[in-house]
Amino acid sequence: MTSLPQVAPRIAKLTVLSLGVALLATACGGSPAPSSTGSSSAAAAGIACPAPSATGAGTSAAGGTGSVPASATTTPTPLKIGSLLPTTGSLAFLGPPEIAGVNLGIKEVNDANGVLGKPVEVIHRDSGDTKTDIATQSTTALLGQGVSAIVGAASSGVSKTVINQITGAGVVQFSPANTSPDFTSWDDKGLYWRTAPSDVLQGKVLGNYMATCGAQTVGMIVLNDAYGTGLAKNVQSAFEAAGGKVVAQELFNEGDSQFSSQVDKVLAAKPDAIALITFDQAKSIVPLMTGKGVKANQIFMVDGNMSDYSKDFQAGTLKGAQGTIPGTFAKEDFKKKLLAIDPALKDYSYAGESYDAVNLIALAAEEAKSTKGTDIAAHLKDVSEGGEKCNTFPSCVTLLRNGKDIDYDGQSGPVTFSDAGDPTEAYIGIYEYQDDNTYKPVKEEFGKL
């Protein structure tokens, strides 16, 4: 088993994207030119996405638990994990599945006798959003309570406000949902990690997918923050590389409540498709667009706004709209376990990534024989690659305690980290909205970074 040296500042280097999946080369029915009628709405004639495939309904591997041997090393300081996840603000809809994923991970770890002979403690705090100072206050509280690792934040913009505070304290920051490419090159002293892939990958998949649907032109409405502009850049790059053209891109700021100007300017360009790169501002933007004649199948969304809109819109409003969420589809047995934790769950976005974050932190602590943040960080890469495959804490920790090297693959997909703490390979799920304004899986794309 390898043992990594003490964590040092990483070399800032963004890896080159190599998309390891064959995307469809042409759209069904070809790619007719955009309509040149006098209507102010976008033209729908060119949108004909590939037929949905039968996927996403399987079950995850059992990863049998058996009898977990006792740890040969015990710790005087129990592992304490904090969560910094949204219960308020523009990403509050992501909080429940992420928190459920954390709590399920903690339960399974403690059901297997905890880490280094002690139960793992968890402390939950709200991250809010970038309009407030909640994240800083919550981080201060978590650090004051002696956590070794913090799972969060969900928002890249929020993480930017606290990453130096967390890593500067020698604590691991492990985000289940940050996708901004900026974190790849952040001077984080080796303490920042994530299970969500960089938006280099999500942007590549979404840009290519809109092209396969027959769109030759795209308009974008984009949140003006690290997440929004970073994702928009990668969507545009992929779409234009596929032969398309971005004909309009309108920005708005967090806290804005009026979007008529952005909608009107995008529709004036008559794009075939419209990419909404927003958070919950989509609740206001979608009715403005559909009210001006935009068809739902012209709308393409992203993880920041892929939500259950059944209580927000009239039935059928989003039927045919599609969007992307990093990570593989939540499998049925995993959903059942999450619902046992939180019966009110409506969606499962980033639940797997949150669950995996807890397992990886716990396994790294076991391998390091320490609950110190810097020691945990030094072993996170090692437990994600090169050893015997396993996919639950009990099965993995059994291997570790029997002197084996492990390679954890999780609910979010194959987890293998780069030296920068990024996943080097991941799935991006593509989903389609139904008549009740909830979404179902269409297909998965696998890619490498």
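As shown above, the structure is provided for reference.
For the structure given in this document, a descriptive report is provided here. (Residues numbered from 1 in each chain as written. Predicted model: local features only at pLDDT ≥ 70, side-chain atom pairs only at ≥ 80, totals over all residues. Heavy atoms only, no water.)

Some points on unusual backbone geometry
Reasoning step 1: Cis geometry marks the peptide bond from G152 to A153; its omega dihedral reads -5°.
Reasoning step 2: Position of A153 among the secondary structure elements: in the loop between β3 (149–152) and α3 (156–168).
Reasoning step 3: Even without glycine at this site, K189 takes up a positive phi of about 60°.
Reasoning step 4: Here K189 is to be found in the loop between β4 (172–175) and β5 (192–194).
Reasoning step 5: Classification of K189 by relative accessible area gives partly exposed; the value is 41%. (Helix = DSSP H or I, 4+ residues; strand = E, 2+ residues; numbered from the N terminus. Buried < 20%, exposed > 50% of the residue type's maximum accessible area, 1.4 Å probe, protein only.)

Considering the packing of aromatic side chains
Reasoning step 1: Under the criterion given, the structure shown has 14 aromatic pairs.
Reasoning step 2: Ring centres 5.2 Å apart and planes at 25° place the aromatic pair Y227 and F279 in the stacked group. Of this pair, Y227 sits in helix α5 (residues 226–241) while F279 sits in the loop between β8 (273–277) and α7 (282–290); the two residues are 52 residues apart in sequence, bridging distant segments of the chain.
Reasoning step 3: Overall, the relative accessible area of 4% leaves F279 in the buried class.
Reasoning step 4: Look at Y427 and F446: their rings are 5.0 Å apart centre to centre, the planes differ by 55°, and that puts the pair in the tilted class. Here Y427, found in strand β14 (residues 425–433), pairs with F446, found in strand β15 (residues 439–448); they are 19 residues apart in sequence, far enough to count as distant.
Reasoning step 5: A relative accessible area of 26% places Y427 in the partly exposed class. (Phe/Tyr/Trp six-rings, centres within 6.5 Å; stacked < 30°, edge-to-face > 60°.)

Digging into the state of the cysteines
Reasoning step 1: Going through the model one piece at a time under the given rule, you end up with two disulfides.
Reasoning step 2: There is a disulfide in this structure between C49 and C213, and the S-S distance comes to 2.0 Å. As the torsion about the S-S bond is roughly 110°, the C49-C213 disulfide counts as right-handed. One end of the pair, C49, is in the segment before β1 (80–85); the other, C213, is in the loop between α4 (199–212) and β6 (217–223), with 164 residues separating them in the sequence. Exposure class is identical for C49 and C213. Each is buried.
Reasoning step 3: Shown here is the disulfide that connects C390 with C396, its sulfur atoms set 2.1 Å apart. (Disulfide = S-S within 2.5 Å.)

Re the packing of α4 against α5
Reasoning step 1: Where α4 contacts α5, the axes come no closer than 7 Å and their chain directions differ by 45°. It follows from the interaxial angle that α4 and α5 lie oblique. Seen from above, α4 lies across α5 with right-handed handedness. For the pair formed by α4 and α5, the contact residues are D199, V200, Q202, G203, K204, L206, G207, N208, M210 and A211 on the first element and Y227, L231, N234, V235, A238 and F239 on the second.
Reasoning step 2: Partitioning the contact of α4 with α5 into residue classes produces nine nonpolar, five polar and two charged. (Axes fitted to C-alpha atoms, helices over the stretch in contact; angles between N-to-C directions. Parallel < 35°, antiparallel > 145°, perpendicular 65-115°, else oblique. Left-handed = near helix turned anticlockwise from the far one by under 90°. Contact = heavy atoms within 4.5 Å. Nonpolar A, V, L, I, M, F, W, Y, C, P; charged D, E, K, R; others polar.)

A short note on the sheet that holds β1
Reasoning step 1: Strand order in the open sheet made by the five strands is β2-β1-β3-β4-β5, with parallel pairing throughout. Two strands close off the open sheet at either side, each with one partner strand: β2 (121–126) and β5. Ignoring which end each strand starts from, the neighbouring axes of this sheet average 20° apart.
Reasoning step 2: One ladder, built from six bridges, connects β1 with β2; its direction is parallel. Each residue of the ladder has a partner; that of I81, found in β2, is V122. (Pairing = 2+ DSSP bridges.)

Remarks on the nonpolar core
Burial of nonpolar side chains together is a common tendency in soluble globular proteins.
Reasoning step 1: M210, M220, I277 and M289 are the most contacted members of the largest nonpolar core, which totals 66 residues.
Reasoning step 2: For this core, the element with the most residues is α4, which contributes seven residues.
Reasoning step 3: Excluding anything up to four places from it in sequence, M289 contacts I221, V263, I274, L276, V294 and I299.
Reasoning step 4: Ranked by size, the runner-up nonpolar core spans 49 residues in total, among them V151, L338, C396 and Y408. (Core = buried A, V, L, I, M, F, W, Y, C linked by side-chain atoms within 4.5 Å.)

Describing the side chain of S418
Reasoning step 1: Within the secondary structure, S418 sits in the loop between β13 (413–414) and β14.
Reasoning step 2: When near neighbours in sequence (up to four residues on either side) are disregarded, S418 contacts W193, K381 and T424.

With respect to helix α9 (residues 351–368)
Since the α-helix turns once every 3.6 residues, residues separated by three or four places project in the same direction.
Reasoning step 1: For α9, spanning 18 residues, the distance from its first C-alpha to its last is 26 Å, which sits close to the expected 26 Å at 1.5 Å a residue.
Reasoning step 2: Across the 18 residues that make up α9, a large majority, 18, are buried.
Reasoning step 3: A positive phi of about 55° marks K369, the residue just after α9. (Expected span 1.5 Å × (residues − 1).)

Remarks on the sheet that holds strand β10 (residues 322–326)
Reasoning step 1: Across the sheet, seven strands lie side by side as β7-β6-β8-β9-β10-β14-β15; this open sheet has mixed pairing. This sheet does not close on itself; its edge strands, each paired only once, are β7 (245–252) and β15. Averaged over neighbouring strand pairs, the angle between their axes works out to 20° when direction is ignored.
Reasoning step 2: As paired strands, β14 and β15 are joined by nine bridges and run antiparallel to one another. Within the sheet, the bridge partner assigned to I430 lies in β15 and is K443.
Reasoning step 3: The sheet contacts of α5 involve β6, β7 and β8, and relative to β6 the element is tilted by about 170°.

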